[in-house]
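Architecture at a glance
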Amino acid sequence: MTKLTPSPLANSPGAAELSQWDRMHQLHPWMAMEDWRSYDNMLMEQAEGIYLQDANGKRYIDGPGGMWCSQIGYGRQEMANAIAEQVLKLPYASPFTNATEPSALLARKLAELAPGDLNNVFFTTGGSTAVDTALRTMQYLNNRRGLPQKKMILAREKGYHGSTYLAHSVTGKERDKSQFDFETRLVHFLPDVNPYHRPSEMGLEAWCDAKVADMEMAIAKIGAENIGAFIAEPILSSGGVIVPPPGYQQRTLELCRKHDILYISDEVVTGFGRLGHWFASEEVFDIEPDMITCAKGLTSGYLPLGACIISDRVLQQMSHLGEASTYTNGYTYSGHPVSCMAALKNIEIMEREDLLAHVRAVTPQFQARLQALRKYRIVGDTRGMGLLGCIEGKAEDLEAERQLGAKIDAACEAMGLIVRPLINMAVFSPPLIISSGQIDEMFDILEKAIQQVEAEL
């Protein structure tokens, strides 16, 4: 790897001033308001490969891969060139009245990569708006079908689907239900599917039976005639990389088919190679959903872009039922040509470098190093698939346990690794280009951090 050059802001008043302006004027996501203007976010200056570098010149392995999104890694010159060329050629065209070459090419490419008959792509600005589009599409469809009451959405506790109003409303992470309003009339949450929390005497097969029964009971209680969709991440990523028990996805899809409920697979995290396939729904979990939402790895985070991919079956019903109607859903930046060009270049790089095969090749090492951390007494569970991992900590008392994620993160950060703390958990999803040696480098730091925190406790 090329050595990163020192930042021009390193050890200069410029870095301190930028941090001050950030504190005074920028409201960050998930900011604790009692710490408003007293927080100290890391000021990142540049990046290359799997590494970030702060304004003081310190280098870090990017354990979270940005925000689950940096597939091809940082500093790709050909990505910069493709983006710049498209900016000069055509930076924008209204998606309400125009098509562009990048958006048409990308729509065709996504239709080829998606499973089954998911051949119709609606471009959005990110994952939240892709989820909103999927849910609104369900509402539109059932209005067209003359079923205006069939709008309830089944979702899962610990699931995360975004920050827009509808996406937030179907998000089941209890810590996200803070002081913001969300729509309670449209959603029913199914109980926690995390196998780690099952009774000690219960096996995985029985746990799967119980979780499927939860859904069956919800359908019986609410009435299938009132339920429009079930939205589910194949792996509940932000909830703590929760992998449902084997067979759960197929059996819940069967319930949806039986009761005329749309199955929406939220692949914002698991899509584009994170589990070694373009999409995890069919290749990993053997399901063909009615809609797939994606974002993040679609452009490797180089530019914002999301998509809702809709099956032919759903679109044909929308097109051929009832009187003439307009699909009045859209965004100013739907199909943005520069973002679409970034996605096309990202997919081209992934195909040329065979990154999906690389992920499948290094996954056993990644997961073996992860599972080996169970030997520490403060580690209650380790779980993951592909290049997704989570450590769930345990401690003698609840207060100490709630601090574990932050303590592990701080210890890692001091040694040059960033992980994402979630209460008593630390999660990670490094760039897909990570090498075997870098996986060991990452887990060596993580293990030392756990040892340090365990000794402190």
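1. As for the overall build of the protein chain
When helices and strands are tallied, the protein chain shows 15 helices and 15 strands. Dimensions of the protein chain, computed from the C-alpha atoms along their principal axes, are close to 65 × 65 × 45 Å. In the protein chain, buried positions account for 54% of the 457 residues. A fraction of 72% describes how many contacts in the protein chain between residues 6 or more apart in sequence connect residues 24 or more apart.

2. Topic: the sheet that holds strand β3 (residues 59-62)
Taken in spatial order, the four strands of this open sheet run β1-β2-β3-β13, and their pairing is mixed. Taken across any chain shown, the strands that pair with only one partner, and hence form the sheet edges, are β1 (44-48) and β13 (417-418). In this sheet, β3 lies alongside strand β2 (residues 51-54) in antiparallel orientation, the contact comprising three bridges. Counterpart to Gln 53 in the pairing with β3 is Arg 59.

3. Let's talk about the environment of Ser 70
You can see Ser 70 is positioned in the loop between α2 (65-68) and α3 (77-89). Separated by 143 residues in the primary sequence, Ser 70 and Ala 213 have C-alpha atoms spaced 37 Å apart. Excluding its chain neighbours within four sequence positions, the residues that come into contact with Ser 70 are Gly 65, Arg 274, Ser 300, Pro 431 and Leu 432.

4. Concerning the nonpolar core
Grouped together as the largest cluster of nonpolar side chains are 59 residues, with contacts concentrated most on Leu 106, Leu 110, Phe 279, Phe 428, Leu 446 and Ile 450. Membership of the second largest hydrophobic core comes to 23 residues, among which are Met 152, Val 193, Leu 255 and Cys 256.

5. Things to note about the packing of aromatic side chains
Here the structure, examined in full by the defined rule, presents eleven aromatic pairs. Between Tyr 92 and Tyr 333 the ring centres are 6.1 Å apart and the planes differ by 80°, which places this aromatic pair in the edge-to-face class. Note that Tyr 92 is positioned in the loop between α3 and α4 (101-113) and Tyr 333 in the loop between α10 (312-320) and α11 (337-352), a separation of 241 residues in sequence. Where Tyr 140 meets Tyr 327, the ring centres are 5.5 Å apart and the plane angle is 90°; that geometry is what we call edge-to-face.

6. Considerations on the pairing of β2
Burial along β2 is two-sided: Tyr 51 and Gln 53 and Leu 52 and Asp 54, pointing in opposite directions, are all buried. Summarising the sheet, β1 and β2 pair through four bridges and their orientation is antiparallel. Within the sheet, the bridge partner assigned to Gln 46 lies in β2 and is Gln 53. Hairpin connection from β2 to β3: four residues lie between these consecutive antiparallel strands, with Gly 57 at a positive phi of about 85°.

7. Section: helix α14 (residues 404-414)
All of the buried residues along α14 are Leu 404, Gly 405, Ile 408, Asp 409, Ala 411 and Cys 412. The buried residues of α14 occupy one face: seen down the axis, they fall within an arc of 165°. Where α14 is buried, its residues contact β12 (388-393), α13 (398-402), β13, β14 (420-422), β15 (425-428) and α15 (436-456). Following α14 by one or two positions, Gly 416 adopts a phi angle in the positive range, close to 95°.

What counts, and at which threshold
Residues numbered from 1 in each chain as written. Predicted model: local features only at pLDDT ≥ 70, side-chain atom pairs only at ≥ 80, totals over all residues. Heavy atoms only, no water. Helix = DSSP H or I, 4+ residues; strand = E, 2+ residues; numbered from the N terminus. Buried < 20%, exposed > 50% of the residue type's maximum accessible area, 1.4 Å probe, protein only. Contact = heavy atoms within 4.5 Å. Pairing = 2+ DSSP bridges. Core = buried A, V, L, I, M, F, W, Y, C linked by side-chain atoms within 4.5 Å. Phe/Tyr/Trp six-rings, centres within 6.5 Å; stacked < 30°, edge-to-face > 60°. Arc of directions from axis to C-beta.

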